[in-house]
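# Coordinate inspection notes
Below are the chains, spelled out letter by letter.
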Amino acid sequence: MAGSNEDLLRALIESDVLVISTPLTPETAGIIGAVQLDALGPEGLLVNVARGPVVQEEALYSALKHHGIAGAAIDVWYRYPGPGGTGKSSTLPFESLDNVIMTPHSSAVTEETFRGRSKEIIENINRLAAGQPARNVVMTGPPRSAAEPAS
């Protein structure tokens with residue numbers, strides 16, 4: 001059952017913790033912005049284990065910096081290291097904030113995860129070879145800008 005933006009806001013007002021685990025798609029890119037973080041409130045916590053661009057980068061940084069939310073645990077980012085494994089995860093200094101826990105997008109690194117991923121890859125190769133669409137396709141284009149409203 002699909003909900004509306006009003007349903008999301010109502011749920012956030014009533015919640016203490018928002019755990020984001022949705023895939024990044026055109027419908028979910030930027031779905032959490034300043035309005036949603038404001039609804040979560042100054043005692044709310046955000047945990048993002050989905051993809052960084054599901055949450056609007058500037059809105060999250062501002063909410064954390066100005067204590068619009070109590071804190072965040074972030075395991076996904078807006079930029080990933082370049083060649084040689086160096087680079088910053090964001091253009092914004094999340095690491096300077098005292099109310100954020102940052103991990104290097106490795107919270108789900110287990111043998112079981114790799115076995116499951118391998119099985120899904122093999123299944124998708126077989127589906128494509130049979131002329132069927134792949135499953136669990138993730139958006140690869142640029143995220144929606146903060147100025148564009150979430151659907």
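Here goes a summary of the coordinates provided. Residue numbers restart at each chain and count upward from 1, following the sequence in its written direction. Where totals are concerned, whole chains, interfaces and linings use all residues; where local detail is concerned, this predicted model gives features only for residues with pLDDT of at least 70, and gives and counts side-chain atom pairs only at 80 or more. The basis for every side-chain value is the complete set of heavy atoms in the structure, and neither hydrogens nor water enter the calculation.

With that settled, the discussion passes to the packing of aromatic side chains. Only Phe, Tyr and Trp rings are paired, with Trp represented by its six-membered ring, and only when their centres lie within 6.5 Å; those with planes under 30 degrees apart are stacked, over 60 edge-to-face, the remainder tilted. Per the stated rule, a full pass over the model turns up one aromatic pair. Summarising the aromatic geometry, the rings of Y61 and F94 are spaced 5.4 Å apart at their centres and angled 85° between planes, so their arrangement reads as edge-to-face. Of this pair, Y61 sits in helix 3 (residues 57-65) while F94 sits in the loop between strand 3 (71-74) and strand 4 (100-102), and the two are 33 residues apart along the sequence. Here Y61 and F94 have matching classes, each one buried. Working definition: helices are DSSP H or I runs of at least four residues, strands are E runs of at least two. Numbering for both runs from the N terminus. Relative accessibility decides the category of a residue: with a 1.4 Å probe and only protein chains considered, values under 20% of the type maximum give buried, values over 50% give exposed, and everything between is partly exposed.

Relative to the elements of secondary structure, P26 occurs in the loop between strand 1 (17-20) and helix 2 (34-40). Separated by 112 residues in sequence, P26 and V138 have C-alpha atoms that sit 9.4 Å apart.

Another aspect to go through is the pairing of strand 2 (residues 45-48). The two faces of strand 2 differ: L46 and N48 on one face are buried, but L45 and V47 on the other face are not. What joins strand 2 to strand 3 is helix 3, and the crossover it makes is right-handed. By convention, orient the strands away from the viewer: a clockwise path from the first strand over the helix to the second makes the crossover right-handed.

Let us now look at the pattern of salt bridges. Here a salt bridge means any side-chain nitrogen of Lys or Arg lying within 4 Å of a carboxyl oxygen belonging to Asp or Glu. Counted by the stated rule, this structure contains two salt bridges. Among the salt bridges present, the one from D7 reaches R10, with a minimum N-O distance of 2.5 Å. Of this pair, D7 and R10 both sit in helix 1 (residues 5-13), three residues apart, roughly one helical turn. When its relative accessible area of 46% is taken as the criterion, R10 is described as partly exposed. Taking the shortest distance from any N to any O, the salt bridge between E112 and R115 comes out at 3.7 Å. Taken together, the residues E112 and R115, both in helix 4 (residues 111-129) and three residues apart, mark about one turn of the helix. The class for E112 is exposed, based on a relative accessible area of 54%.

What follows deals with the sheet that holds strand 3. Two strands pair if DSSP finds at least two bridges between them. Spatially, the four strands line up as an open sheet ordered 1-2-3-4, and their pairing is parallel. The open sheet has two edge strands, strand 1 and strand 4, and neither has a second partner. Averaged over neighbouring strand pairs, the angle between their axes works out to 10° when direction is ignored. Inter-axis angles, ranging from 0 to 180 degrees, are taken between N-to-C directions of lines fitted to C-alpha atoms, where helices are fitted over the stretch in contact.

Don't take any of this as a statement about function, it's just geometry.
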